[in-house]
Structures are given as structure tokens and as C-alpha cells.
Amino acid sequence: MPLTELAVRNAKPTDKQQKMFDGGGLFLLVTPAGGRRWILKYRIHGKEKSLALGTYPDVSIAEARKRREAARQKLAGGVDPSEAKKSDKRAAKRAISNSFESVARAWMDERKSGVQPVQHERTLSRFMNDAFPWLGKRPIAEIEAPEILELLKRVDSRGARYTSHRLRSEISRVFRYAVKEGYCKYDPARDLQNAIPAHRTTHFASITDPVKVGEMLRAFDGFSGTFPVLCALKLSPMLFVRPGELRQAEWTQFDLEKGEWRYLVTKTKTEHLVPLATQAIAILRELYCLTGTGRYVFPAVRDRRRPMSDATVNAALRRLGYDTRTEITGHGFRAMARTILHEELEQKPEVIEHQLAHSVPDNLGGAYNRTKFIKERRMMMQKWADYLERIKAGAQIVEFDSAARA
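Residues numbered from 1 in each chain as written. Predicted model: local features only at pLDDT ≥ 70, side-chain atom pairs only at ≥ 80, totals over all residues. Heavy atoms only, no water.

Visitor: Would you take a moment to explain the overall build of the protein chain for this structure?
Guide: Along the backbone of the protein chain there are 17 helices and seven strands. Every one of the 406 residues in the protein chain was classed for burial, and the buried ones make up 41%. Contacts in the protein chain between residues at least 24 apart in sequence constitute 57% of all its contacts with a sequence separation of at least 6. Here the protein chain has roughly 22,800 Å² of accessible surface; of this, 51% comes from carbon and sulfur atoms. (Helix = DSSP H or I, 4+ residues; strand = E, 2+ residues; numbered from the N terminus. Buried < 20%, exposed > 50% of the residue type's maximum accessible area, 1.4 Å probe, protein only. Contact = heavy atoms within 4.5 Å. Areas by Shrake-Rupley, 256 points an atom, 1.4 Å probe, with all protein chains shown as cover.)

Shown next, in the form of C-alpha cells:
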């Protein structure tokens, strides 16, 4: 006689296991501890086997009967339901290990040692905010281009076009990694390069008027923050390296006797040489007395084992009254130097570009040579520091240019 809901609900444990049969091989097993589990008894290939169908009340009588019928259908087709269940579990585990999120994290772990920590964190943040909630649990081999496009459009619709393009590129790299590791056959994000309209580049705010540059340099002297940040402010326009490269500068990279700073360029991972003008050497020698016993030239205030924050220079500029969105940013010193060196000091563009650590193809096809134009660059960096010193003092630009060209 089939079981009723009331009989199942009122089943009481005893000192022995009880089997309450429902028919068709299905019974409720009541344990002495009070557990109630649905079990299906069946025979296949002459052997008696059992299959767990879930616990009561999580699995009701009606649901247990549905599972019994599904198992009986498998038996009718010659399939062992117990083995089918194990196979489904293995497939589920593979799906989890081959999910987009797990593969994306594996790709990020593989490249982590080759990128800056902040870049790793930003990529992870983009995935966690804009990709994992929708694609994270999906088996990577089942994801198609329309799903990715829907995700990119969602990001673009909130006005984050740049993020949308970066996300497409990073998703594509995850798929290329997955192809290499055998998780999938192709990269569906590759064909979406032009699916989102191009992002309009906004250049970093910069000051290129020499008179205003002089005013800014004089404003630096009124900075009331810490001495290392003041030195970073003074060196930023003088050296015009990328802000991240300046803030992460290490004392072992400097040879103040030779007047040189050698470090690896963030983007290309190639060595770059920065000739140091006498003014820069003087600032560094004074700073060495304060931070020279540590690793970083500009250590963080709270933990000297770490470099100062990437927002420090911009924050200092804002304290001095400059709008880092419309007037000047730490990165804007590069545009400032490039413009004035060429237009005011008549330096050769190729020499400036090499000092900026930009790729500059030459007749031999070389993309970048850290020592090329080194004599010209040494002269240029000293001339640039002298020029900054003069305009800071309020010297007439035209008079200085005439003297410099004589």
C-alpha cells in the first residue's frame, strides 16, 4: 500500500532502522537517529542495487516518486541510474572547474607575476563587478559571442565604454588561455572587437604654457605635506616618467655619482635609462638622508615597506589648488615636457620620445633602445631642468630662449 504524507510525517525512530515501503522499489528509511531517507531498490544485470533519492522533508513523497520513475526509465533503456548519478556528479564537478570564473582566475594567477599589483586588482575588480555575476558559473566551452556581447552592452549602457572595451579584451585573453589549456576550442570574444563603438580617448590634463608652469613650480614650495611627497612633486615635471614608475622607484636603481636612474618600463618590461640633471641629484641626495635606509625612494607613510599610493601626487596637486581633471595630473607632466621641449627648447622629437620610453621604430626596425641618443638625452635633461629653474624664478621666457640658442 502506498505511503501517505501523514504516515511519513509521523514516522518515529526506534532502536532499529525501519523501512516504510511505497511500491515500485521505493521506501523511506528511518534511522534510529531520526533521519529519513528515500531509497530505491532495483535490479540490473542480475544484481540488486540501491539508489539514494534524497532526504525527507527536503524531498517530498511526490518528488521521491518522480525520481523513482525517472530512474525506472533509465533502467528501461539499459542505463544504471546509480552510475548515471555518479556521472552527473563528475560532470558537475568538471563544469565547476571549467567555469568561466575558475578559468579566468587561473589566467590571472598565471600572469600575476608579470603585471603590476594594481593592474591585477583592477582586472579582478572588472571581472567581479561586470562578468562573474553573469558568466562566472557557466562552463567556458558553452559560452557564445551573443552572451558576451550582452554583457559588454550592459557595461557600455551605463556610460563605461572604456571599461567595456577593456573587459572584452580581458575576456578574450581568458578564452585564449582556455584554448591553450584545452578547456574550449575557440575565442568567441575575438569577433566582438568592433561590436561596441570606439572609446574616445581623453588625454591627461596638462599645463603647457611656460608662464603657468613657472607659477605651478613656485606653488610647489608652498606645499605643506611630507618631505618625500614634496620631492615627488618637484621630480615629477623634471623627470617626466610615468607616475607609477616614480612612486615605485627603488634606491638600488640609482647611481647618483653617475647621475643615472635605471628601471624596467611598466608597459614594455624593458630597461630604461633616465639621465639625472644636477637639480634632480640634489633633491635625491637630500631625500636619501630620510628614506635611504629603506627600499623605496618614496615609501608609504604607514608602511615603509611599500611605495606611496598611486594617488599621492594627484592628491598633493589638489591640495595646492589644481584641478586634476582639467588642469594637471601626475601623468600630465609627460605631455607638458614633450610639448615644451619640442616647441620652446627645439629638441628633436625622436630624442624626446626615447626619453619618454615610447616605442620609436628606426631604420633598422628596432622598437626601442634604452641607450639610443643617450648623449643628446643627457644634454636635454640638464637643459630641461635649467629651463624649469629659470621659469620658476620668473625669468623672461624669450630672453632665456635667446640665450639658450646662442
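Visitor: Sorry if this is basic, but what is going on with helix α12 (residues 278-291) here?
Guide: Taking 1.5 Å of rise per residue, the 14 residues of α12 would be expected to cover 20 Å, and the 20 Å separating its terminal C-alpha atoms lies within 8% of that figure. Within α12, burial applies to Gln279, Ala280, Ile281, Ile283, Leu284, Leu287 and Thr291. Check the buried side of α12 and you find it contacts α10 (227-239), β5 (254-255) and α16 (374-392). (Expected span 1.5 Å × (residues − 1).)

Visitor: Could you clarify how one ought to interpret the nonpolar core in this entry?
Guide: Considering soluble globular proteins, one finds that nonpolar side chains tend to be buried as a cluster. Counting residues in hydrophobic clusters, the biggest one holds 55 residues, and the most contacted among them are Val213, Met216, Leu239, Trp261, Leu276, Phe298 and Trp384. Of all elements in the fold, only α9 (210-220), α10, β6 (260-264), α12, α13 (312-319), α14 (332-343), α15 (349-355) and α16 reach the threshold of two or more residues within this core. Residues in contact with valine 213, not counting those within four places in the same chain, are Ile207, Met336, Ile340, Leu388 and Ile391. Judged by nonpolar contacts, the second largest core, of 26 residues, contains Ala104, Phe132, Leu135 and Ala178. (Core = buried A, V, L, I, M, F, W, Y, C linked by side-chain atoms within 4.5 Å.)

Visitor: In this structure, what is going on with helix α5 (residues 117-130)? I would like to understand it.
Guide: Owing to its 3.6 residues per turn, the α-helix aligns residues three or four sequence positions apart on the same side. Taking 1.5 Å per residue as the helical rise, α5 with its 14 residues ought to reach 20 Å, and the 20 Å between its terminal C-alpha atoms agrees with that figure. Contact partners of the buried residues in α5: α4 (100-111), α6 (132-135), α7 (145-157) and α8 (161-181).

Visitor: Sorry if this is basic, but what is going on with the sheet that holds strand β1 (residues 18-23) here?
Guide: By way of backbone hydrogen bonds, the strands of a sheet pair with one another, either parallel or antiparallel. Spatially, four strands are ordered β1-β2-β3-β4 in an open sheet, and the strand pairing comes out antiparallel. The open sheet terminates on both sides in strands that have one partner only, identified here as β1 and β4 (47-55). Averaged over all adjacent pairs, the angle separating strand axes in this sheet is 30°, with direction ignored. With respect to the sheet, helix α2 (residues 61-76) is in contact with β1, β2 (26-30), β3 (36-44) and β4, its orientation differing from that of β3 by roughly 15°. (Pairing = 2+ DSSP bridges. Axes fitted to C-alpha atoms, helices over the stretch in contact; angles between N-to-C directions.)

Visitor: Please clarify how the environment of alanine 106 should be interpreted in this entry.
Guide: If you trace the backbone, alanine 106 turns up in helix α4. The partly exposed category is assigned to alanine 106, whose relative accessible area is 25%. Taking the C-alpha atoms as reference, alanine 106 lies 9.3 Å from alanine 178; in sequence the two are 72 residues apart.

Visitor: Teacher, can you tell me more about unusual backbone geometry here?
Guide: Glycine aside, residues mostly have negative phi angles, and peptide bonds mostly take the trans form. A cis geometry characterises the amide bond from tyrosine 56 onward to proline 57, with omega recorded as 10°. With respect to the helices and strands, the residue proline 57 is situated in the loop between β4 and α2. With phi around 55°, glutamate 346 is a residue other than glycine that occupies positive phi space.

Visitor: Looking at this structure, I do not really get the packing of aromatic side chains. What am I missing?
Guide: The description of an aromatic ring pair uses the distance of the two centres, along with the angle that the planes make with each other. For the structure shown, the criterion picks out 13 aromatic pairs. The interplanar angle of 10° and the centroid separation of 5.5 Å between the aromatic rings of phenylalanine 127 and phenylalanine 132 together place this pair among those described as stacked. Under the relative-accessibility criterion, phenylalanine 127 is labelled buried at 0%. Taking relative accessible area as the criterion, phenylalanine 132 reaches 8% and is therefore assigned buried. When the ring of phenylalanine 240 is compared with that of tryptophan 384, the centres are 6.3 Å apart and the planes differ by 80°; the resulting orientation is edge-to-face. Here phenylalanine 240, found in the loop between α10 and α11 (243-247), pairs with tryptophan 384, found in helix α16; they are 144 residues apart in sequence, far enough to count as distant. Cluster of aromatic residues (ring-pair linked, three or more members): Phe100, Trp107, Phe127, Phe132 and Phe175. (Phe/Tyr/Trp six-rings, centres within 6.5 Å; stacked < 30°, edge-to-face > 60°.)

Visitor: Sorry if this is basic, but what is going on with the sheet that holds β6 here?
Guide: Taken in spatial order, the three strands make up an open sheet running β5-β6-β7, and their pairing is antiparallel. Bordering the open sheet on either side are β5 and β7 (271-275), each of which pairs with just one other strand. One ladder, built from two bridges, connects β5 with β6; its direction is antiparallel. Within the sheet, the bridge partner assigned to aspartate 255 lies in β6 and is glutamate 260. The strands that α16 touches are β6 and β7; relative to β7, the one it contacts most, it runs at about 45°.

Visitor: Would you explain the confidence of the model for the protein chain in this entry?
Guide: Interpreting fine coordinate detail is not advised for predicted regions of low pLDDT. When pLDDT is averaged along the protein chain, the result is 86, and 90% of the positions lie at 70 or above. pLDDT under 50 marks residues 363-368. Its contacts with residues more than four places away, or in other chains, come to 13 contacts. (pLDDT = per-residue confidence, 0-100.)

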